[in-house]
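Fold and contact review
If you want the building blocks of each chain, they are given just below.
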Amino acid sequence: MRSIQKTLTSLAAVAIILAGCKSMNKTTKGAIIGTAGGGAVGAVIGKVAGNTALGAVIGAAVGGATGAVIGHKMDKQAKEIESQVPGAKVDRVGEGIVVEFSDKILFATNQFTLNAAASTNLDKLATILKGYPDTDIEIQGHTDSQGADDYNMTLSEKRAASVATYLKGKGIAAGRIKTKGFGETAPVATNDTEDGRAQNRRVNFLITANEKMKADAKKEAAKP
């Protein structure tokens, strides 16, 4: 019975997020998700939406009052990124932030070396990230389905690694960063059209609370 109740609660939270309920802000949604079981909900949403960034951020949720405190801390950072980093698509999700760049903003076609224009975006992003040291950053590389599977996987991994190396060179602590390559396995649009393929060629930055932020938020949430 307990497992059934947890499943139903998790699915209810999924429904809230996927429905995009306008009566709740994203911080409140994050608190609900975490209470329902962040990991389980994140896995479900990630699978249903085909969105590895969304699933990972929700899966890292703490939930409850602590999660609400973390969400408020993320609000400011998200606004800074959105206003100061050209070319960045910014989504506030629950207790984290997803920042997306299309591949052409950072790389030449089929290359994993950053182009000259990439520094404009990444330098400003790095400056903001350094101002929020209590966050972890996962960099995810994605491709479209054109070309061999192995080639696409390697390209996505090398692109994520190139971005990570650049950020470390700009003073972001290596311990905050991890990378993943997904190749063509996690499309967010159809690969049957050029527009869809362009959407699938992307790099995502997942910004979530580290253990220090979680501990500080827990203390803050416990204050009378």
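A brief look at the structure comes next. (Residues numbered from 1 in each chain as written. Predicted model: local features only at pLDDT ≥ 70, side-chain atom pairs only at ≥ 80, totals over all residues. Heavy atoms only, no water.)

**Considerations on the overall build of the protein**
The cut-off we apply is this: To qualify as a helix, a DSSP run of H or I must reach at least 4 residues; to qualify as a strand, a run of E must reach at least 2; elements of each kind are numbered from the N terminus. Relative accessibility decides the category of a residue: with a 1.4 Å probe and only protein chains considered, values under 20% of the type maximum give buried, values over 50% give exposed, and everything between is partly exposed. Contact criterion: two residues are considered in contact whenever any of their non-hydrogen atoms come within 4.5 Å of each other. The Shrake-Rupley method, run with a 1.4 Å probe, gives the accessible areas here. Residue values count only the displayed protein chains as cover.
Check the secondary structure of the protein and you find 9 helices and 5 strands. When the 224 residues of the protein are sorted by exposure, 43% land in the buried category. By sequence separation, contacts in the protein at least 24 residues apart represent 71% of the contacts at least 6 residues apart. Of the roughly 11,000 Å² that the protein leaves accessible, carbon and sulfur atoms contribute 55%.

**Considerations on the sheet that holds strand β3 (residues 135-142)**
Which entries qualify depends on this criterion: Two strands are counted as paired when DSSP detects at least two bridges linking them. Between N-to-C directions, angles span 0 to 180 degrees; the directions come from axes that are lines fitted to C-alpha atoms, helices contributing only their stretch in contact.
Read from one edge to the other, the open sheet built from 5 strands follows the order β1-β2-β5-β3-β4, with strand pairing classed as mixed. A single partner strand is all that each edge strand has here, and the edge strands are β1 (89-93) and β4 (177-181). Each strand of the sheet is rotated relative to its neighbour by a mean of 20 degrees, with strand direction disregarded. Pairing between β3 and β4: 5 bridges, direction parallel. Residue pairing for β4: Gly141 is matched across the bridge by Gly181. Along the sheet face, helix α3 (residues 52-59) touches β1, β2 (96-102), β3 and β5 (202-209) and points at about 5 degrees away from the line of β5.

**Structural notes on unusual backbone geometry**
Notably, Asn110 is not glycine yet its phi reads approximately 60 degrees, a positive angle. Summarising the element assignment, Asn110 is placed in the loop between α5 (103-106) and α6 (118-130).

**Details of the nonpolar core**
Condition: Only buried Ala, Val, Leu, Ile, Met, Phe, Trp, Tyr and Cys residues count toward a nonpolar core, and they belong to the same one when joined by side-chain atoms within 4.5 Å.
Core analysis: the biggest nonpolar cluster contains 34 residues, and Ile81, Phe101, Ile139, Leu167 and Phe205 have the highest contact counts within it. For this core, the secondary-structure elements that each account for two or more residues are α4 (64-84), β2, α6, β3, α7 (149-169), β5 and α9 (211-222). Sorting elements by how many residues they give to this core places α6 first, with 6 residues. Setting aside its immediate chain neighbours within four residues, Ile81 contacts Ala88, Val90, Val99, Leu125, Ile128 and Ile207. Judged by nonpolar contacts, the second largest core, of 7 residues, contains Ala53, Val57, Val98 and Leu206.

**Quick look at the pattern of salt bridges**
Selection criterion: Salt bridges are defined as contacts in which a side-chain nitrogen from Lys or Arg sits within 4 Å of a carboxyl oxygen from Asp or Glu.
Applying the stated criterion across every chain, the model contains 12 salt bridges. Asp103 is the salt-bridge partner of Arg159, the closest N and O atoms lying 3.4 Å from each other. With Arg159 in helix α7 and Asp103 in helix α5, this residue pair connects regions lying 56 residues apart in the sequence. Grouping residues by exposure puts Arg159 and Asp103 together as buried. For Lys212, the salt bridge goes to Asp216, with nearest N and O atoms at 2.9 Å. Here the residue Lys212 and the residue Asp216 both occupy positions in helix α9, the gap between them amounting to 4 residues, near one helical turn. You can call Lys212 partly exposed: its relative accessible area is 46%. Looking at Asp216, the relative accessible area reads 31%, which means it is partly exposed.

**Concerning the packing of aromatic side chains**
Quick note on the threshold: Only Phe, Tyr and Trp rings are paired, with Trp represented by its six-membered ring, and only when their centres lie within 6.5 Å; those with planes under 30 degrees apart are stacked, over 60 edge-to-face, the remainder tilted.
One pass over the full model with this rule turns up 1 aromatic pair. A centroid spacing of 5.6 Å and a plane angle of 85 degrees characterise the contact between Phe101 and Phe205, whose relative ring orientation is edge-to-face. Highlighted residues: Phe101 in strand β2 and Phe205 in strand β5, separated in sequence by 104 residues.

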